[in-house]
Amino acid sequence: MTTYHFLQLYWWAIVSVLGAALVFLMFVQGGQTLLGGVAKTEDEKRLLLSLFGHKWELTFTTLVTFGGAAFASFPLFYSTSFGGAYWLWIIILLSFVIQAFSYEFRSREKNLLGKGTYEAFLKINGLLGTVLIGVAVATFISGGNYAVDKMNLTVPSANIVSYWTNDYRGLELIFKPFNLLLGIVVFLAARTLGMLYAYGQCSKMEGDAAADIASRCLGRVKVTGTAFVLFFVAFVVSMFLTYGYRVDTLSESFNGTEGPIVEEHYAYLHNMLSHWWIAAIFLVGTVLVLIGLGRIMFKGKSSFYVTGLGVFLAVLGILLNIGFGDMAYFHSLYDLQSSLTLYNSSSSIYTLRTMAWVSLAVPFVILYIGYVWKKMTAR
């Protein structure tokens, strides 16, 4: 393995960690969907929003960091997905924007739109933000309608390397059943984790509002958690049974880094079985999710961190499996040979090496986030 390819794998792992962390932190969005259902009175709503209002910045920051890491390490993917399917990403970003000012203005006296409007914005973010993030991630497997022409780099008048091949600009991705399936999975995961977090925090508090929220979360998580497991299993089975695409390393035209993209049945299943450590990460995460949900459903014990760690590891295993093993992690539905791999879509070795040194500060950032998390939760 060359140093360049190692750095490509390294940065795909970093992007995967950020993606998995984003899905975990979307428990804030899931918690917002509890307004009006689990939290009914004004006191209950105020308590629920105080629980999640200290955490929404972490989700938004992680989303921005995920996009920044993708831009720096795999710029061709960034320009193709974020630039080509921009209506999908614009809706996602707008749903997070309305979340930010809703927390700020909902409780202000004589606010322009009224509390109900800001609560509706928070629920929109909880639904659209989670479902559409799932749709966007699902395109790693289902592909996108784009083409790549690197020869444009030699033409001064050409200002694009990749371009979307239809006028829908990502809106068509929302209506693909496979993409929607993962969107539902992410929504149910976020809502389940939101209930678990609210239950764990309210169980430690005194007062009728906290007791009522905890009681309703305990009852509803059994339905939401079960639905999450069933839809997750359906997604995993669909992923393992579908076709995947990878670089044909046995082709005579393979030059050690690039080669023809070929179709392979059960590619994601084969890839996971050939990388035992990715399979281990995925299986450990799945088992932790089941253990956490079992604890809350059958014993009534708070299991937010166990289930959350399970969701993080399961998503991490899926994302690693998509990029490792010479896979085309974002294949083109228009021109298969335009499909993106770690080989043909990454930054230069100099950029990846420089960023690798910077990434050594990540553990300290994680420790800081943990410190801030603890302080916010204590309040």
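Preceding this paragraph is the structure being described.
Sequence order as written defines the numbering, with residues in each chain counted from 1. At least 70 in pLDDT is required for a residue's local features to be given in this predicted model, at least 80 for side-chain atom pairs to be given and counted, and no such filter applies to totals for whole chains, interfaces and linings, which use all residues. Working from all heavy atoms in the structure, the side-chain values ignore hydrogens and water.

A.B. asks: Explain the overall build of the chain to me, and be specific about the residues and the numbers.
C.D. replies: A count of helices and strands for the chain gives 15 helices and 6 strands. A compact globule built from 379 residues should have a C-alpha radius of gyration of about 21 Å, and the chain, at 22 Å, falls within 12% of that. Overall, the chain is about 70 × 45 × 40 Å in size when its C-alpha atoms are taken along their principal axes. Buried, partly exposed and exposed residues are distinguished by accessible area as a fraction of the type maximum, computed with a 1.4 Å probe on protein chains only: under 20%, between the cut-offs, and over 50%, respectively. Across the 379 residues of the chain, 53% fall into the buried class. We call two residues in contact whenever any of their non-hydrogen atoms come within 4.5 Å of each other. Expressed as a percentage of contacts within the chain between residues at least 6 apart in sequence, the contacts between residues at least 24 apart total 77%. The chain carries 25 positive and 20 negative side-chain charges, and their two centres are separated by 13 Å. Per the convention used, a helix needs a DSSP run of H or I reaching at least four residues, while a strand needs a run of E reaching at least two, with both numbered from the N terminus. Here the radius of gyration uses the C-alpha set of atoms, whereas the globule reference equals 2.2 Å times the residue count to the power 0.38. We score Asp and Glu as negative and Lys and Arg as positive, and we do not count His or the chain ends. Charge placement uses NZ in Lys and CZ in Arg. For Asp and Glu, CG and CD serve respectively.

A.B. asks: Requested: an account of the packing of helix α8 (residues 177-202) against helix α9 (residues 208-241), with residues and values cited.
C.D. replies: Running from N to C, α8 and α9 cross one another at 155°; their axes reach a closest spacing of 7 Å. By the angle between their axes, α8 is roughly antiparallel relative to α9. Two packed elements cross with a definite hand, and for α8 against α9 that hand is left-handed. Gly counts as polar in this scheme, as do all residues outside two lists: the nonpolar Ala, Val, Leu, Ile, Met, Phe, Trp, Tyr, Cys and Pro, and the charged Asp, Glu, Lys and Arg. The residue inventory of the contact of α8 with α9, partitioned by class, reads 25 nonpolar, 4 polar and 2 charged. Axes, fitted as lines to C-alpha atoms, cover a helix only where it is in contact. Angles between the N-to-C directions of the axes lie from 0 to 180 degrees. Throughout this description, any angle smaller than 35 degrees is read as roughly parallel, any larger than 145 degrees as roughly antiparallel, any in the 65 to 115 degree range as roughly perpendicular, and the remainder as oblique. The crossing is said to be left-handed when, going from far helix to near helix, the turn is anticlockwise and less than a right angle, and right-handed when the turn is clockwise.

A.B. asks: If you had to explain a nonpolar patch on the surface to someone new, which residues and values would you point to?
C.D. replies: Patch construction takes residues with relative accessible area above 30% that form no salt bridge. Like charges are linked within 9 Å, and nonpolar side chains (Val, Leu, Ile, Met, Phe, Trp, Tyr) are linked within 5 Å. We get accessible surface area from the Shrake-Rupley algorithm with a probe of 1.4 Å; when it comes to residues, only the shown protein chains can shield them. Salt bridges are defined by distance alone: a side-chain nitrogen of Lys or Arg within 4 Å of a carboxyl oxygen of Asp or Glu. Taken together, the side chains of Y86, W87, I90, L94, Y168 and L171 define a hydrophobic patch exposed on the protein surface, amounting to about 580 Å² of accessible area. Y168 gets classed as exposed once you look at its relative accessible area, which sits at 54%.

A.B. asks: I'd like to hear about the nonpolar core, residue by residue, with values.
C.D. replies: If you look at the biggest cluster of nonpolar residues, it comprises 114 residues, and the most contacted ones within it are F235 and Y329. The element best represented in this core is α8, accounting for 16 residues. Sequence-distant contacts of F235, defined by excluding residues within four places in its chain, comprise I141, F178, L181, L182, V185 and I318. Y245, V247, A328 and Y343 belong to the second-largest nonpolar core, a separate cluster that totals 5 residues. By nonpolar core we mean a set of buried residues, namely Ala, Val, Leu, Ile, Met, Phe, Trp, Tyr and Cys, connected to one another through side-chain atoms within 4.5 Å.

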